[in-house]
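This is what each chain is made of:
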Amino acid sequence: MSPQNHILPNQVALVTGASSGIGRATALALAQAGAAVIVNYIGDSKPADDAVASIENGGGRALAIAADVSNEAQVEAMFKQAIDAFGTLHILINNAGIEKDRPFTEMSLADWQQVIDVNLTGQFLCARAAIREFLRRGVQQDVSKAAGKIVCISSVHQYIPWAQHANYAASKGGVMLLVETLAQEFASRKVRVNAIAPGAIKTAINRHAWGTPAALDKLLQMIPYGRVGEAEDIGNAVVWLCSDAADYITGTTLVIDGGMTLYPSFSTGQG
Ligand code: BGC
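As the structure is a prediction and not an experimental result, all values here were calculated from the model. (Residues numbered from 1 in each chain as written. Predicted model: local features only at pLDDT ≥ 70, side-chain atom pairs only at ≥ 80, totals over all residues. Heavy atoms only, no water.)

(A) Examining the overall build of the chain more closely. Secondary structure summary: the chain contains eight helices and seven strands in total. Taking the principal axes of the C-alpha coordinates as reference, the chain spans close to 55 × 40 × 40 Å. By residue count, 48% of the 271 residues in the chain fall in the buried class. For the chain, contacts bridging at least 24 residues in sequence account for 73% of all contacts bridging at least 6. Summing over all exposed atoms, the chain offers an accessible surface of approximately 12,800 Å²; the carbon and sulfur share of this is 55%. Of note, the chain has its 20 positive side-chain charges centred 4 Å away from the centre of its 24 negative side-chain charges. (Helix = DSSP H or I, 4+ residues; strand = E, 2+ residues; numbered from the N terminus. Buried < 20%, exposed > 50% of the residue type's maximum accessible area, 1.4 Å probe, protein only. Contact = heavy atoms within 4.5 Å. Areas by Shrake-Rupley, 256 points an atom, 1.4 Å probe, with all protein chains shown as cover. Lys, Arg positive; Asp, Glu negative; His and termini not counted. Charge placed at Lys NZ, Arg CZ, Asp CG, Glu CD.)

(B) Expanded view of the pattern of salt bridges. The full count for this structure, using the stated rule, is nine salt bridges. One salt bridge in this structure joins Glu76 and Arg128, with 4.0 Å as the shortest N-O distance. With Glu76 in helix H3 (residues 72-86) and Arg128 in helix H4 (residues 109-137), the pair connects residues that are 52 residues apart, well separated along the chain. Here Glu133 and Arg136 are joined by a salt bridge, their closest N and O atoms 2.7 Å apart. You can see Glu133 and its partner Arg136 sitting in helix H4, three residues apart, about one turn around the helix. Glu133 gets classed as buried once you look at its relative accessible area, which sits at 6%. When its relative accessible area of 55% is taken as the criterion, Arg136 is described as exposed. (Salt bridge = Lys/Arg side-chain N within 4 Å of Asp/Glu carboxyl O.)

(C) Representation of the site of the ligand within the structure. If you check the shell around the ligand, you find Glu99, Ser155, His157, Trp162, Tyr168, Gly199, Ala200, Ile205, Asn206 and Met260 and nothing else. Here His157 contributes a side-chain N or O atom positioned 2.7 Å from an oxygen atom of the ligand. Side-chain polar atom of Tyr168 to an oxygen atom of the ligand: 2.6 Å apart, as the coordinates give it. Here the shell around the ligand is built from residues that sort into five nonpolar, four polar and one charged. (Near = heavy atom within 4 Å. Polar contact = N/O pair within 3.5 Å; in protein donor to acceptor, adjacent residues only side chain to side chain. Nonpolar A, V, L, I, M, F, W, Y, C, P; charged D, E, K, R; others polar.)

(D) Focus on the packing of aromatic side chains. Under the counting rule described, the total for this entry stands at two aromatic pairs. Relative to Tyr168, the ring of Trp162 lies with its centre 5.8 Å away and its plane at 75°, an arrangement referred to as edge-to-face. Taking the relative accessible area as the measure of exposure, Trp162 reaches 30% and is therefore partly exposed. The ring of Trp210 is capped by Lys202, whose NZ or CZ atom sits 5.9 Å from the centre of that ring. (Phe/Tyr/Trp six-rings, centres within 6.5 Å; stacked < 30°, edge-to-face > 60°. Lys NZ or Arg CZ within 6 Å of the ring centre and 35° of its normal.)

Take a look at the structure:
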């Protein structure tokens with residue numbers, strides 16, 4: 001039994017992009033903590049159904065819902081279906097994200113727009129739907145001290161500029177100020193909004209960066225802690241951030257990167 005067991009009982013969580021990677025691990029961690037989980041996905045339903053089956057096999061409750069987070073009508077329909085199924089919503093994990101890396105002068109408007117649409121507009125649309133439900137329902141003292149919690153999965157690239165990833169870095173910089181602004185706007189109504197900024201986490205999105213010994217070697221030079229992150233490193237932190245143990249935390253970014261943002265090139269003392 002994990003020590004996190006049942007710190008989120010009677011709560012309902014929606015995780016976007018939950019059929020793989022960080023989203024999947026986060027959905028499983030939330031379920032292990034006692035939350036009912038909506039597993040949002042796009043495209044092939046099988047990985048999402050697998051995530052639901054894993055949660056149910058562990059004794060949890062879950063439901064897969066397909067929706068493109070950048071599509072307003074689909075997002076609205078997803079939240080309606082989720083709330084109809086589980087009664088309300090307490091937690092949103094804005095996780096769905098994509099990369100379309102290109103040298104800047106070769107980046108098409110479509111490359112730019114798609115990344116902004118999913119990574120930033122998708123977070124806006126889902127946060128808006130979630131906050132509307134949090135405000136409608138208000139605080140349930142026996143469930144949580146907050147009316148609702150949002151964790152936006154950002155990236156170390158909300159701080160670190162990234163050549164050939166202008167669309168991605170711009171989207172994550174946008175997420176940072178979206179989080180801070182929502183936290184400011186809704187704190188008085190007991191809605192907490194935070195970001196998690198993962199560094200290099202071993203998922204399909206960055207397989208090229210860890211999938212060969214040479215690439216892994218190069219990547220590890222950027223990570224003082226000496227290992228690539230696992231999706232569970234993020235899932236565990238999300239659970240804590242959504243729990244009442246973190247009730248006074250809003251508008252902040254928790255960096256989970258094994259030290260990637262600590263300027264590792266300065267670690268020898270030379271300057
Ligand atoms: C990106 C990964 C990258 C990591 C560290 C993440 O936001 O999605 O592709 O490995 O940042 O650079």
